[in-house]
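# Structure assessment
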Amino acid sequence: MNNSTPSCPKCGSTNFYKNGHDKYGNQQFLCKDCNHSFKLSHSHKHKKFSFPYPKCPSCGKSMEIHKTHRSFVWL
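Residues numbered from 1 in each chain as written. Predicted model: local features only at pLDDT ≥ 70, side-chain atom pairs only at ≥ 80, totals over all residues. Heavy atoms only, no water.

### Some points on the pairing of strand β1 (residues 16-21)
Keep this limit in mind: Strands pair, by our definition, only if DSSP identifies at least two bridges between them. Labels follow the DSSP assignment, with helices taken as runs of H or I lasting at least four residues and strands as runs of E lasting at least two, numbered in each case from the N terminus.
By the bridge criterion, four bridges tie β1 to strand β2 (residues 27-31) in an arrangement that is antiparallel. Bridge pairing links Phe16 to Cys31 in β2. Connecting β1 to the antiparallel partner β2 that follows it, the hairpin turn spans five residues, and Gly25 within it adopts a positive phi of roughly 90°.

If you want it as structure tokens, here you go:
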């Protein structure tokens, strides 16, 4: 178990406060000394659907799914 106090990765200060969440839901912090924004954990967003996301026919990137209904998928 790690009992060390978290600190700012830029300046090493322990003088920081909570500053909202990122798009993945990770807590963000802001250092009061150097105004550096950072996170203590780095997790990524999980896929909402078990099937593979459809690919864009022109560029090949994954597209986002907005709504599913039974066997239909609306993009």
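### Observations regarding the pattern of salt bridges
Convention followed: Definition used for salt bridges: Asp or Glu carboxyl oxygen within 4 Å of a side-chain nitrogen of Lys or Arg.
All chains considered together, the criterion is met by one salt bridge. Residues Asp22 and Lys39 are paired through a salt bridge, measuring 3.2 Å at the closest nitrogen-oxygen approach. With Asp22 in the loop between β1 and β2 and Lys39 in strand β3 (residues 37-39), this residue pair connects regions lying 17 residues apart in the sequence.

### Focus on the packing of aromatic side chains
Rules: Classification of ring pairs uses Phe, Tyr and Trp, with its six-membered ring standing for Trp, and accepts pairs whose centres are within 6.5 Å; under 30 degrees between planes counts as stacked, over 60 as edge-to-face, and the remaining range as tilted. Type-normalised accessible area, obtained with a 1.4 Å probe on protein chains alone, sets the label of each residue: buried when under 20%, exposed when over 50%, and partly exposed for intermediate values.
The final tally for this structure, using the stated rule, is three aromatic pairs. Aromatic side chains Phe16 and Phe29 sit 5.3 Å apart centroid to centroid with 80° between the ring planes, which places their arrangement in the edge-to-face category. Of this pair, Phe16 sits in strand β1 while Phe29 sits in strand β2, placing them 13 residues apart in sequence. The buried category is assigned to Phe29, whose relative accessible area is 11%. Taken together, the ring pairs in this structure connect Phe16, Phe29 and Phe38 into an aromatic cluster.

### Considering the pairing of β2
Sheet topology note: the β2/β3 ladder contains three bridges and is antiparallel. Paired with Leu30 across the bridge in β3 is Ser37. Connecting the antiparallel pair β2 and β3 is a turn made up of five residues, with Asn35 showing a positive phi of about 60°.

### Overview of the nonpolar core
Our working definition: In this description, a nonpolar core means a group of buried Ala, Val, Leu, Ile, Met, Phe, Trp, Tyr and Cys residues linked to one another through side-chain atoms lying within 4.5 Å. Contact between two residues is taken to exist if any of their heavy atoms lie within 4.5 Å; hydrogens are not considered.
With five residues, the main nonpolar core is built from Cys8, Phe16, Phe29, Cys31 and Phe38. Apart from residues lying up to four places away in sequence, Cys8 is in contact with Ser13, Cys31, Cys34, His36 and Phe38.

### Topic: unusual backbone geometry
The phi torsion at Asn35 lies on the positive side, around 60°, for a residue other than glycine. Tracing the backbone through its elements, the reader meets Asn35 in the loop between β2 and β3. Among the residues examined, Asn35 registers a relative accessible area of 58% and is labelled exposed.

### Side note on the sheet that holds β3
Worth spelling out the cut-off: Each axis is a line fitted through C-alpha atoms, taken for helices only over the stretch in contact, and angles between the N-to-C directions span 0 to 180 degrees.
Read from one edge of the open sheet, three strands run β1-β2-β3, paired in antiparallel fashion. Among the strands making up the open sheet, the edge pair consists of β1 and β3. Strand-to-strand twist of the sheet, defined as the mean angle between neighbouring strand axes without regard to direction, takes the value 40°.

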